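Tertiary structure, described
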Amino acid sequence: MGKAVGIDLGTTFSAIAIVDQEHEAQAILNAEGKLTTPSVALWYDNAYVVGQAALDLIEHAEGDERTRLAAALIRGVKRMVGNPPKGGLISNGHRTTPVEVSAAILAKLARDASARLDFPVRDAVITVPAHFGDRERSATKEAAEMAGLYVLQIINEPSAAALTYTHGEETKPGIALVFDLGGGTFDATILQIGEGSARVLSTKGIEELGGINFTNKLAGDLRKRYETEAKVPYPEDSLSMDRLIAAAEAAK
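Right, let's walk through the structure included here. (Residues numbered from 1 in each chain as written. Predicted model: local features only at pLDDT ≥ 70, side-chain atom pairs only at ≥ 80, totals over all residues. Heavy atoms only, no water.)

1. Notes on the nonpolar core
- Ranked by size, the top nonpolar core spans 31 residues in total, and within it Val5, Ile7, Ile16, Val101, Leu106 and Leu149 carry the most contacts.
- Elements that contribute at least two residues to this core include exactly β1 (5–8), β2 (13–19), α3 (98–117), β9 (123–128) and α4 (134–146).
- The dominant element in this core, judged by the number of residues it contributes, is α3, at nine residues.
- Residues contacting Ile16, with those up to four places away along its chain left out, are Val5, Gly6, Ile7, Gln26, Ala27, Ile28, Leu109, Ala110 and Ala113.
- Judged by nonpolar contacts, the second largest core, of eleven residues, contains Ala61, Leu69, Ala72 and Leu239. (Core = buried A, V, L, I, M, F, W, Y, C linked by side-chain atoms within 4.5 Å. Buried < 20%, exposed > 50% of the residue type's maximum accessible area, 1.4 Å probe, protein only. Helix = DSSP H or I, 4+ residues; strand = E, 2+ residues; numbered from the N terminus. Contact = heavy atoms within 4.5 Å.)

2. Focus on unusual backbone geometry
- Positive phi values are uncommon outside glycine, yet Asn46 reaches one of about 65°.
- Inspection of the secondary structure puts Asn46 in the loop between β5 (41–44) and β6 (47–50).
- Relative accessible area serves as the criterion here: at 65%, Asn46 is assigned to the exposed category.

3. Description of the environment of Ala160
- Within the secondary structure, Ala160 is located in helix α5 (residues 157–166).
- Distance from Ala160 to Met241, taken between C-alpha atoms, is 35 Å for residues 81 residues apart in sequence.
- Ala160 has contacts with Thr127 and Ile155, leaving out every residue within four places of it along the chain.

In structure tokens:
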């Protein structure tokens, strides 16, 4: 077994990291030189385009092609893992599933990390929201295996955050409350912290609360302001809505 990586498959952004020779966790840059990869995918030319490349493809397209590609972009797939929407997902006429899209995102993370590390990334520990049940965890593992990864362990995101502070440090034993407000989910976990370890005592999560909800609320307010000032309805096409979301994200 080679060195394992840690992966955070997020609702809005994903990241991959490894523990270096000094026993410190280091995030790995992707092919674009960024520490995080947008968790988006687009079926284009019989293959998935993932992350910033998908967003750039839309940005550089023109006219009807740009509108069509914007409508085909798949976002927030993490909220669908284990609970696929009725009728499935369709991108550019390609019928897919949350597991398949998640696999495409994971495959990019692993591919980019392999190029940076100079060895093939195969083994992984993947974090998931604390409220994920067996169905969501099994779907996450299936996506990883589809991406060519062997899942050593799936751990709760709040536990992973707590381990960051206990790893290699002298920690004072006690009880800690960890809040994990991510792009799409919100979890609270009570941890018992020991000497260099952390054990989950209780956890509770809200599936539909995260950064994306704040973005959508801001987008709604911006839309109302536009309609009030311009005295016309805001356009309903996918490209216009994407621009609105982008403006709200920048404002946030």
